[in-house]
Amino acid sequence: MKTMLIAGAGKGLGLSLAKAFGKEGFQIALIARNEEKLQSMVKELQDQGIEASYYPADLTKKEAVENAVADIKEKYGSIDVMELSPVPTTAPPATAVNVTVENATAPFEGFVISAINVVNSVLPDMQERGGGALLFTTGLSALYPMSMLGNIGIAMAGLRSYIANLHTELSPKGILVAHRSLGLMMKAGTGGVNDPDTIAEMWYQVYSEKLDGEQEYPKGVTPKTMVF
């Protein structure tokens, strides 16, 4: 069985991803800070016949991520797919003239540092095997400047640059690197493009059809046409 690591897993997109890949035969490893929420998610997945386990860790902490990934590999062996949804930040949004070191640091740690920690923990094995997939879900401010997200956009744009450079280096080596920026507010149960189940199916298509690179989702969406 192949293994999927969902980093920053929550009960929205994270749980939907676990179900979408789990029904295709993946065993699922979840990493997040909230152990109680993780327990609930694993129980729901196991009730549906999906092999799943959880590993509490703060993604901004290098050693915690390394330990969690080591535990996952001890249980399941290699990690075939990693999906990262940026860690929610406690810093409130700020326009550019109101950006401070303090309100810019938390988003940078939550988005960029978390990504670096997770990638550095799973990538060496993928490089050794010459295969694997790194999937990144962000918001639309990764692609477009949005005035109300002056501080968060700095981190999102930095993460986008990191992902793009990973793609350039790793794609020729057989490792899928894909980035999708969501221009929407997620609403479960709608069945539309903003339903986390629909987004999760989109991600499985990206993986199974090897649709690498970056794209906004839905395709063509801009800050003025976001889906609410």
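What counts as what
Residues numbered from 1 in each chain as written. Predicted model: local features only at pLDDT ≥ 70, side-chain atom pairs only at ≥ 80, totals over all residues. Heavy atoms only, no water. Helix = DSSP H or I, 4+ residues; strand = E, 2+ residues; numbered from the N terminus. Buried < 20%, exposed > 50% of the residue type's maximum accessible area, 1.4 Å probe, protein only. Contact = heavy atoms within 4.5 Å. Expected span 1.5 Å × (residues − 1). Arc of directions from axis to C-beta. Salt bridge = Lys/Arg side-chain N within 4 Å of Asp/Glu carboxyl O. Core = buried A, V, L, I, M, F, W, Y, C linked by side-chain atoms within 4.5 Å. Right-handed = clockwise from strand over helix to strand, strands pointing away. Pairing = 2+ DSSP bridges. Polar contact = N/O pair within 3.5 Å; in protein donor to acceptor, adjacent residues only side chain to side chain.

### Digging into the environment of F228
- Residue position: F228 is located in the segment after strand 7 (213-217).
- A residue is classified by how much of its surface remains accessible, and F228, at 60% relative accessible area, is exposed.
- Distance from F228 to A155, taken between C-alpha atoms, is 23 Å for residues 73 residues apart in sequence.
- If we skip the residues at most four places from it in the chain, F228 touches M185, K187 and N194.

### What to know about helix 3 (residues 62-76)
- Along its 15 residues, helix 3 runs 21 Å from first to last C-alpha, staying within 8% of the 21 Å computed at 1.5 Å per residue.
- Regarding helix 3, the residues found buried are V65, A68, V69, I72 and Y76. Seen along its axis, helix 3 keeps its buried residues to an arc of 95 degrees; they face one direction. For helix 3, exposure combined with an orientation more than 90 degrees from the buried face picks out E63 and E74.
- In this fold, the buried residues of helix 3 make contact with strand 1 (3-7), strand 2 (27-32), strand 3 (52-56) and helix 4 (101-129).
- Of the residues trailing helix 3, G77 is marked for its positive phi of about 90 degrees.

### Examining the pattern of salt bridges
- This structure, assessed with the given rule, holds six salt bridges.
- Linking K23 and E201 is a salt bridge whose minimum nitrogen-to-oxygen distance equals 2.9 Å. Here E201 lies in helix 6 (residues 196-208) and K23 lies in the loop between helix 1 (13-22) and strand 2, a separation of 178 residues in the sequence.
- For E214, the salt bridge is made with R160, and the minimal N-O distance between the two is 2.5 Å. Of the two residues, E214 is situated in strand 7 and R160 in helix 5 (residues 150-170); the sequence distance between them amounts to 54 residues.
- In this structure E214 comes out as partly exposed when scored by relative accessible area, which is 37%.
- We classify R160 as partly exposed; its relative accessible area is 28%.

### Quick notes on the nonpolar core
- Grouped together as the largest cluster of nonpolar side chains are 42 residues, with contacts concentrated most on L5, I31, M82, L134 and F136.
- Counting residues in hydrophobic clusters, the runner-up holds 34 residues, among them F26, I28, A200 and Y204.

### Description of the pairing of strand 1
- With respect to burial, strand 1 is a largely interior element, five of its five residues being buried.
- Here strand 1 shows no split at all, with T3, L5 and A7 on one side and M4 and I6 on the other all buried.
- With respect to chirality, the unit in which strand 1 leads through helix 1 into the neighbouring parallel strand 2 is right-handed.

### A few points about the pairing of strand 7
- As judged from the five bridges shared by strand 6 (residues 175-182) and strand 7, these two strands associate in the parallel manner. Residue L182 lies in a different strand from strand 7, and its bridge partner there is Y217.
- For the crossover from strand 6 across helix 6 to strand 7, the handedness is left-handed.

### Considering the environment of K2
- Relative to the helices and strands, K2 resides in the segment before strand 1.
- On the basis of relative accessible area, K2 is assigned to the partly exposed category, the value being 43%.
- The spacing of K2 and F26 is 24 residues in sequence and 5.0 Å in space, taken between C-alpha atoms.
- Excluding residues that lie within four positions of it along the chain, K2 makes contacts with G25, F26, Q27, D80 and Y207.
- A polar side-chain atom of K2 sits 3.0 Å from a polar atom in the side chain of Y207.

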